[in-house]
Structure formats: structure tokens, C-alpha cells
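Each chain, written out:
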Amino acid sequence: MAVKAILRFPDPKLRERSVEVGEIGDDVRQLVADMSETMTAANGAGLAAIQVGVPVRLYIVDGHVAGGAEDSPPKVFIDPEIIEISDESQTGDEGCLSFPDVFVPVKRGMRARVKARDLDGNLFEAEGEGLYARAMQHEGDHLNGRLLIDQVGPVKRELIKRKLRKDAEAERAEAAERAPDERSAG
């Protein structure tokens, strides 16, 4: 298992529409293991494969968010399809690992039902409400190239872009300071 780099907006790969997984082999199992470790390291509630640069229709949701115990493994959704979203809605601050430290109010269905396959290829349906429903809808959006920034108006969108640019510049400056000065090598 390995912690993968999480793509950050405005990486164009995040806009790609993911393709069906198809056969579930060792490569898919390894991807899920890496995604699980990556999501845990980033303290996320969910993670789509496209966020680690793999454009396949697969996402995971933290096991506790999915209704399990605190230490439950993530729930795996392979080739998921949203079957139903309730008319009753919830609006709450939503974050995304591809938009570090950005939280925006997003209106989502209070409940969602999703049909998918698990790592053994078995078809299942998951129904969730609150944060679980929000996570399934959010991660499902990623598979279709829809991002958190698409959920806000033009002014907020520009503020988010500006913040992310500023953060990226600060990270580059920090990295440059940490790098040894090559000119002094003799």
C-alpha cells in the first residue's frame, strides 16, 4: 500500500469522465488499498479514483461515515450508479481533498441510494442519509468530472481559485527554501 498524491484543482484530469472498471483484478484491489491509505492520511470522508489520477468509476467512503464502527474499512463502490436521491435536501459545508482547506455550502439530497459492485464483484445497494448520502453524491460527481467549485456562483468560484493559487505559490516558495542551494556545491 502507498499514499498517492491527490490531484488538486485546476488539474485537468479532475474534469475527465471516468470509465467503467470492468473486470476486478489485482490492479483494482491495489488501487483500492492505496486509495484507502491515501484517504486516511488526508483525513478524508471519501475519495474517487480520479483524484489519484486513475479515471475509473470507483470511489470509497470512510467506513465510519458509511455507518460502520470507528475503525471499519472504507466502503468500496465499483461502477456505481445513483438510483435515487430524496427530494428532501440538506445544505451543509462541504470540503474536498482536491480543494484543500476550502469549504462551501452545498445543497444535496438528504438521502441517497446507490447500486454498485464490491471488490468481489458482487452487486449491492447502499442507502445512506446525512453525511453518508452527501459523500456518495460528492464522490459520484467526481466520476463525471463535476467538482466542488461547480457548486458555487462566479464570485465564490473566483475567490476559491485565488486562494488555491496563493496556497500553491506559498507551497512552491516553501519547497524552494527547503531545497539545498545548488550554487554553493563545488
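Please refer to the structure higher up on the page.
So, how was this worked out
- Note that residues are indexed from 1 along each chain, following the sequence as it is written.
- Whole-chain, interface and lining totals are the exception, using all residues; otherwise, since this is a predicted model, local features are given only for residues with pLDDT of at least 70 and side-chain atom pairs are given and counted only at 80 or more.
- As a convention, hydrogens and water are excluded, and side-chain values are obtained from all of the structure's heavy atoms.
- Residues are called lining when one of their atoms sits within 4 Å of a cavity or pocket point, these points coming from a 1 Å grid over the protein atoms alone, where a cavity is a set in which a 1.4 Å probe fits but cannot get out and a pocket is an open set with protein on both sides within 12 Å along at least five of seven lines.
- Grid points are joined across faces, edges and corners, and a volume is the space filled by probe spheres set on the points.
- Elements are defined by DSSP. Helices are runs of H or I of four residues or more, strands are runs of E of two residues or more, and each kind is numbered from the N terminus.
- All residues other than Ala, Val, Leu, Ile, Met, Phe, Trp, Tyr, Cys, Pro, Asp, Glu, Lys and Arg, Gly among them, are scored as polar; the first ten of these are nonpolar and the last four charged.
- Helix span, as expected, comes to 1.5 Å for every residue beyond the first.
- Only protein chains enter the accessibility calculation, which uses a 1.4 Å probe; a residue whose area is less than 20% of its type maximum is buried, one above 50% is exposed, and one in between is partly exposed.
- Contacts were defined at the residue level, with two residues in contact if any of their heavy atoms lie within 4.5 Å.
- One speaks of a salt bridge when a side-chain nitrogen belonging to Lys or Arg is within 4 Å of a carboxyl oxygen belonging to Asp or Glu.

J.: How should the layout of surface pockets be read in this particular structure?
T.: The probe, sized like a water molecule, is rolled over the atoms to show the empty space still left. Here the largest pocket defines a volume of roughly 460 Å³. If you trace the largest pocket, you find 22 residues lining it, with Gly44, Ala45, Gly95, Cys96 and Leu97 closest to the centre. Mapped onto the lining of the largest pocket, the elements with two or more residues apiece are β4 (89–96), β5 (99–109) and α2 (131–143). Approximately 220 Å³ is the volume found for the second largest pocket. In terms of lining residues, the second largest pocket is bounded by Arg8, Phe9, Pro10, Ser98, Pro100, Lys161, Leu164, Arg165, Asp167, Ala168, Glu171 and Arg172. Ranked by residues supplied to the lining of the second largest pocket, first place goes to helix α3 (residues 154–178) with 7 residues.

J.: Help me out: how do you make sense of empty space enclosed by the protein in this one?
T.: Under the defined criterion, the tally for this structure stands at 1 cavity of 30 Å³ or more. Approximately 40 Å³ is the volume attributed to the largest cavity. What lines the largest cavity is simply Glu94, Arg108, His138, Asp141, His142, Arg146, Leu147, Leu148 and Gln151. Top contributing element to the lining of the largest cavity by residue count: α2, with 3 residues. For the lining of the largest cavity, the class distribution of residues is 2 nonpolar, 3 polar and 4 charged.

J.: Could you clarify how one ought to interpret helix α1 (residues 26–41) in this entry?
T.: Helical periodicity: at 3.6 residues per turn, an α-helix aligns residues three or four positions apart in one direction. When the terminal C-alpha atoms of α1 are compared, their 22 Å separation across 16 residues agrees well with the 22 Å that a helix rising 1.5 Å per residue should span. When we look at burial in α1, the residues that qualify are Val28, Leu31, Val32, Ala33, Asp34, Met35, Ser36, Thr38 and Met39. Those residues of α1 that are buried are in contact with β1 (46–48), β2 (58–61) and β3 (75–85). Backbone geometry just downstream of α1 places Asn43 in the positive-phi region, at approximately 60°.

J.: Explanation requested: the pattern of salt bridges in the structure shown.
T.: Side-chain pairs of opposite charge can arise whenever the charged atoms involved come near each other. Under the defined criterion, the tally for this structure stands at 14 salt bridges. Put simply, Asp34 and Lys4 hold a salt bridge, and the shortest N to O gap is 3.7 Å. With Asp34 in helix α1 and Lys4 in the segment before α1, this residue pair connects regions lying 30 residues apart in the sequence. By relative accessible area, which is 6% here, Asp34 ends up buried.

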